[in-house]
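Each chain is listed here by its residues.
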Amino acid sequence: ADPMMATQARRALLSACARLGGGATTTMSMSTKATTGIVGLKVLDDAHNAYASKVREVLKAVRVGIPADAGYRQVVEQVYEGHLKALEANAGDVEAVERALGLGQIEELYAVAEDELALIPKMREWKPWEFDHEIEVIEEPNNPYLEEAKKE
């Protein structure tokens, strides 16, 4: 059994399932890899749908108790809305999502999203967007780095 032929056969089968539509897409979205190759990071069952669900969960959580104009919320929304668009544009095709995002395996992204979900309640508690002091910008008159940047 040639591994290259097995991979080509699996891709052809998944492609045929995608063209059939309906319930066949479930087969396509299920993970076919045996390992992530990363110690402690297990392969997700139905990785595409699992990650899409986690992304929606992050987006929902960040919109509760964090002001819309807070930089943290804006960045989280921008990142995860982009991920959701990649997921929707590549429905069921985990490898295409991974290529589109260029941020590693979907299992890694899932783990990062779980970490984000753990951080969001802490950010609500800490409220880094609230402060009662002014920030004074001090420019050094003879800053060599500033002078060099001006030349560029």
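Scroll up a little and you will see the structure.
Student: Can you explain the overall build of the protein chain? Please cite residues and give values.
Tutor: Helix and strand counts for the protein chain stand at seven helices and zero strands. Ordered by position in the sequence, the α and β elements of the protein chain form the string α-α-α-α-α-α-α. Across the 152 residues that make up the protein chain, the buried fraction comes to 30%. In the protein chain, the proportion of contacts linking residues at least 24 apart, taken out of those at least 6 apart, comes to 56%. Put simply, the protein chain shows about 10600 Å² of open surface, and 55% of that area lies on carbon and sulfur atoms.

Student: Go over helix α3 (residues 47-62) with me, naming the residues and quoting the values.
Tutor: Taking 1.5 Å as the rise per residue, α3 with 16 residues should run 22 Å; its terminal C-alpha atoms sit 22 Å apart, in good agreement. Listing the buried residues of α3 in full gives Ala-47, His-48, Tyr-51, Ala-52, Lys-54, Val-55, Val-58, Leu-59, Ala-61 and Val-62.

Student: Give a detailed account of helix α6 (residues 106-126), specifying residues and quantitative values.
Tutor: The first and last C-alpha atoms of α6 sit 30 Å apart over 21 residues, in line with the 30 Å expected at 1.5 Å per residue. The largest bend along α6 measures about 25 degrees and falls at Leu-119, with the proline Pro-121 one to four residues further on. Among all positions in α6, only Ile-106, Glu-107, Leu-109, Tyr-110, Ala-113, Glu-116, Leu-117, Ile-120 and Met-123 are buried. The inward-facing, buried residues of α6 abut α3, α4 (71-89) and α5 (94-101). Positive phi shows up at Lys-127, right after α6, with a value of about 50 degrees.

Conventions and cut-offs
- Residues numbered from 1 in each chain as written.
- Predicted model: local features only at pLDDT ≥ 70, side-chain atom pairs only at ≥ 80, totals over all residues.
- Heavy atoms only, no water.
- Helix = DSSP H or I, 4+ residues; strand = E, 2+ residues; numbered from the N terminus.
- Buried < 20%, exposed > 50% of the residue type's maximum accessible area, 1.4 Å probe, protein only.
- Contact = heavy atoms within 4.5 Å.
- Areas by Shrake-Rupley, 256 points an atom, 1.4 Å probe, with all protein chains shown as cover.
- Expected span 1.5 Å × (residues − 1).
- Bend = angle between axes of the 7 residues up to and from the residue.

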